[in-house]
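Residues per chain are reported as follows:
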There are 2 protein chains.
Amino acid sequence: MLQHAEVSSSLRPFAKSDIRLDKRPAAAPSAILSGMPMTYPRGSEIYGEGEPFGHIYQVVSGVVRIAKLLPDGRRQITGFYLPGDIFGLEAGDVRHFSAEAVVQTKVVGFRWQSLNATGTHSISFFQELLNVAIKDLRHTQAQLLVVGRKSALERVAAFLLEMSERSASPDLVELSMPRHDIADYLGLTLETVSRMFAELKELKAIALEGARRVRLLDRDCLAGVSTN
Amino acid sequence: MLQHAEVSSSLRPFAKSDIRLDKRPAAAPSAILSGMPMTYPRGSEIYGEGEPFGHIYQVVSGVVRIAKLLPDGRRQITGFYLPGDIFGLEAGDVRHFSAEAVVQTKVVGFRWQSLNATGTHSISFFQELLNVAIKDLRHTQAQLLVVGRKSALERVAAFLLEMSERSASPDLVELSMPRHDIADYLGLTLETVSRMFAELKELKAIALEGARRVRLLDRDCLAGVSTN
DNA sequence: CGGGATATTGACTCTTATCAATGCCCGTGG
DNA sequence: CCACGGGCATTGATAAGAGTCAATATCCCG
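Residues numbered from 1 in each chain as written. Chains lettered and ligands numbered in written order. Predicted model: local features only at pLDDT ≥ 70, side-chain atom pairs only at ≥ 80, totals over all residues. Heavy atoms only, no water.

(A) Highlighting the protein's contact with DNA strand D. Surveying the vicinity of DNA strand D reveals 22 residues, the closest of which are R179 and S194 of chain A together with A152, T192 and R195 of chain B. Taking all atoms of DNA strand D within 4 Å of the protein, the share assigned to sugar and phosphate is 67%. Within the backbone of A152 of chain B, a nitrogen or oxygen atom sits 2.6 Å from a phosphate oxygen of DNA strand D. Here a base oxygen of DNA strand D and a side-chain polar atom of R195 of chain B are 2.8 Å apart. Mapped by element, the contributors of at least two residues to the surface near DNA strand D are α5 (190-202) of chain A together with α5 (190-202) of chain B. By residue number, the principal contributor to the surface near DNA strand D is α5 of chain A, which donates five residues. Its residues placed into classes, the surface near DNA strand D shows nine nonpolar, six polar and seven charged. (Near = heavy atom within 4 Å. Polar contact = N/O pair within 3.5 Å; in protein donor to acceptor, adjacent residues only side chain to side chain. Helix = DSSP H or I, 4+ residues; strand = E, 2+ residues; numbered from the N terminus. Nonpolar A, V, L, I, M, F, W, Y, C, P; charged D, E, K, R; others polar.)

What follows is the structure in structure tokens.
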């Protein structure tokens, strides 16, 4: 196996050797892409803002976050991508956002150039890709409503419901991301996120089984709090 | 002419007769769509959340806002669409957001069903549509950063720079939307928007020539305030 | 040009950010 | 197996920014 000896601690910068090109192609959870899988360690960058645009990706396992930074370090995460999700579409030739692995993550990447070459793919392929982009757009617009118009408690409740809907076990949600990432997704601070978790606990809407494992006790309460 | 006798005041609901189906097809500013133009009076709905998805549109003249409401009336505007812009793409068969004319607005609409019929259009048509969706996605992601992470003053400065870039006369920007719409686009209240305009005036970054006409005096100052 | 919508400004409140201290988990090594 | 250590999370006290309510002022829309 190409497995390297040591995975870095989360503070050391990642070397190229940390990113593993897997030997065998693996079937992706959903069918529209196949390609050479790559494995990224927790916290590593898949691509960065300003880099040339070359590939689009599908998550095989793990979680990816798409984010943008302001010069002073403030960060907004625009979305989390789970197994089966496609990310990395660009309209121009340069990346406008960065993509990072939240935990150790396997993705399959595909050269845009070859996908885009006329003759290689049918109209239905581009219709499918158009659908992916439109759904992503819809999600980002919905998130804009959450961030622009909801209170801190409503945002956290909405986040938990979103993660629950996308989870294999809707009543016991594994949050693979730290509080800081949740905060940067919701436009809050990590302290406020923590306080809102505590408040939802008092409302008996959730129970925490360790910081990253949330049991949803009262989905109706959560939905009411979230103001859908 | 099909012009109806009276256009409503902004509080009365719009009748179907308020929406004018123009007699002659008009060339759209950009080339990928052509169709029957429709004219909507100021404040009227082009489509509403929950309605079936039938058409996509291109703005010919005027301004369109895309918005979503919470049950209690809070509203988030996700974007303003100017002449040449395409809006109204959906992934499913139902509208997730509403579209309204900010001022009297002319659009051309196209049946999605016929656009989407195989054989009617080439791959490059769908590639072009994919580009439209991706650019819209990028814009919404950027707006999420503005709303999630910037201060009120930064948001208003960013808004003015955005409108300036999209304006025919970049130094004298015509804002066709009221303060309330700007607030709902930026995730603020109209009072705060008004105060931030006043603050930018004190900084000599802008001058107001009536509430809807903004002269940009110091673009560098605006860009500095906006923290790009 | 007239009047109702729209915008500005002010006083005060409240939510959330900030700064700071403590606690807890989990992985690591003895 | 347990103790240790370090990132991560929680909790508390205070401050700051934006919201709310309210009273004019101004502007455009017809």
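More follows now that the structure is in view.
(B) Local environment of the pattern of salt bridges. Tallying each qualifying case throughout the model produces 28 salt bridges over all chains. Residue R166 of chain A pairs with D85 of chain A through a salt bridge whose shortest N-O separation is 2.9 Å. Here R166 of chain A is found in the loop between α3 (152-165) and β10 (172-174), whereas its partner D85 of chain A is found in the loop between β6 (75-81) and β7 (86-87), with 81 residues between them in sequence. Overall, D85 of chain A belongs to the partly exposed group, its relative accessible area being 24%. Connected through salt bridges with shared partners, the residues R65, R75, E100, D181 and D184 of chain A together with R149 of chain B form a single ionic network. (Salt bridge = Lys/Arg side-chain N within 4 Å of Asp/Glu carboxyl O. Buried < 20%, exposed > 50% of the residue type's maximum accessible area, 1.4 Å probe, protein only.)

(C) Examining the side chain of S98 of chain B more closely. Residue and element names in this part refer to chain B. Within the secondary structure layout, S98 lies in strand β8 (residues 98-101). The buried category is assigned to S98, whose relative accessible area is 10%. A polar contact is formed between the side chain of S98 and the side chain of E100, at a distance of 3.3 Å. In contact with S98, other than residues within four places in its own chain, are E45, Y47, G48, E49, R65, I66 and A67. (Contact = heavy atoms within 4.5 Å.)

(D) A look at the protein's contact with DNA strand C. For DNA strand C, the set of nearby residues contains 19 residues, the closest of which are A152, T192 and R195 of chain A together with R179 and S194 of chain B. A breakdown of the atoms of DNA strand C within 4 Å of the protein gives sugar and phosphate a share of 63%. At 3.3 Å, a side-chain N or O of T189 of chain A approaches a phosphate oxygen of DNA strand C. Between DNA strand C and the protein, one listed contact pairs a phosphate oxygen with a side-chain N or O atom of R179 of chain B at 2.8 Å. For the surface near DNA strand C, the elements supplying multiple residues, two or more each, are α5 of chain A together with α5 of chain B. A per-element tally of the surface near DNA strand C places α5 of chain B first, with five residues.

(E) The sheet that holds strand β11 (residues 206-208) of chain B, seen in detail. All names here are of chain B. Taken in spatial order, the three strands of this open sheet run β10-β12-β11, and their pairing is antiparallel. The two strands at the open ends of the sheet, each matched to only one other strand, are β10 (172-174) and β11. Averaged over all pairs of adjacent strands, the angle between strand axes in this sheet comes to 25°, irrespective of strand direction. For β11 and strand β12 (residues 213-216), the ladder comprises three bridges, and the chain directions are antiparallel. (Pairing = 2+ DSSP bridges. Axes fitted to C-alpha atoms, helices over the stretch in contact; angles between N-to-C directions.)

Nothing here speaks to function; it is geometry throughout.
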